[in-house]
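# Architecture at a glance
Given next are the chains, with one letter for each unit.
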Amino acid sequence: GGGVSIEECLEQFCEEEFLDGDDSYYCSRCKSHQSATKRMRVFRLPKVLVLHLKRFNKGRGLGKGKLSTEVKFPCNSLDLSEFCAQGSPDKDNACFDLYAMINHSGSLNGGHYIAHCKNYDDGAWHCFNDSHVSTVGSTPPQDSSAYLLFYAKRPKK
């Protein structure tokens, strides 16, 4: 099917960028602007990782609205080792498991939020929709309404 993976989103966010012209790097040693490249990497990974999926385009005119691209994400074993900086102490311990998510339904002008959380005692996922709570099974729903993803770093073995 269509859509994009969360790993592809992270790769695009972290890809190397060429800095030139108005975006050139200012070197404090030689006191001038230089062409350069930059690339985002993480040295230390957090215990809790919150990924906020861009769902709203606040452009002008026809570009304004809610983005509905489905982002596919793993419930278990999101491996961030390829996004760790050289020499990172977390490179060999970069696995995360999903424990909660928030979905948004509606439009740019209004909508509704629903939370899904995992019960670690029995592994079941639960849906929290206002005052109604229901069990949804062994995995949360995966569709284009995913908005916030909450991951916990696996403990070191």
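Residues numbered from 1 in each chain as written. Predicted model: local features only at pLDDT ≥ 70, side-chain atom pairs only at ≥ 80, totals over all residues. Heavy atoms only, no water.

## Details of the pattern of salt bridges
The final tally for this structure, using the stated rule, is three salt bridges. The salt bridge partner of Lys153 is Asp90, with a shortest N-O separation of 3.1 Å. Here Asp90 lies in the loop between strand S10 (78-79) and strand S11 (95-107) and Lys153 lies in strand S15 (residues 146-153), a separation of 63 residues in the sequence. Across the pair, Asp90 and Lys153 agree in class, each one buried. (Salt bridge = Lys/Arg side-chain N within 4 Å of Asp/Glu carboxyl O. Helix = DSSP H or I, 4+ residues; strand = E, 2+ residues; numbered from the N terminus. Buried < 20%, exposed > 50% of the residue type's maximum accessible area, 1.4 Å probe, protein only.)

## A word on the pairing of strand S12 (residues 110-118)
The pairing of S12 with strand S13 (residues 125-129) spans four bridges and is classified as antiparallel. Across the sheet, residue Ala115 finds its bridge partner in S13, namely Phe128. Hairpin geometry of S12 and S13 is characterised by an intervening segment of six residues between the two adjacent antiparallel strands and by a positive phi of about 80° at Gly123. (Pairing = 2+ DSSP bridges.)

## Quick look at the nonpolar core
Taken as a class, soluble globular proteins show a tendency for nonpolar side chains to be buried jointly. Of all hydrophobic cores here, the largest spans 22 residues; its most connected members are Ile6, Leu51, Phe73, Leu78, Leu80, Leu149 and Tyr151. Listing elements by their share of this core, those giving two or more residues are helix H1 (6-14), strand S6 (48-52), S11 and S15. Beyond its immediate chain neighbours, meaning those up to four positions away, Leu80 contacts Leu10, Leu45, Leu49, Ala94 and Phe96. (Core = buried A, V, L, I, M, F, W, Y, C linked by side-chain atoms within 4.5 Å. Contact = heavy atoms within 4.5 Å.)

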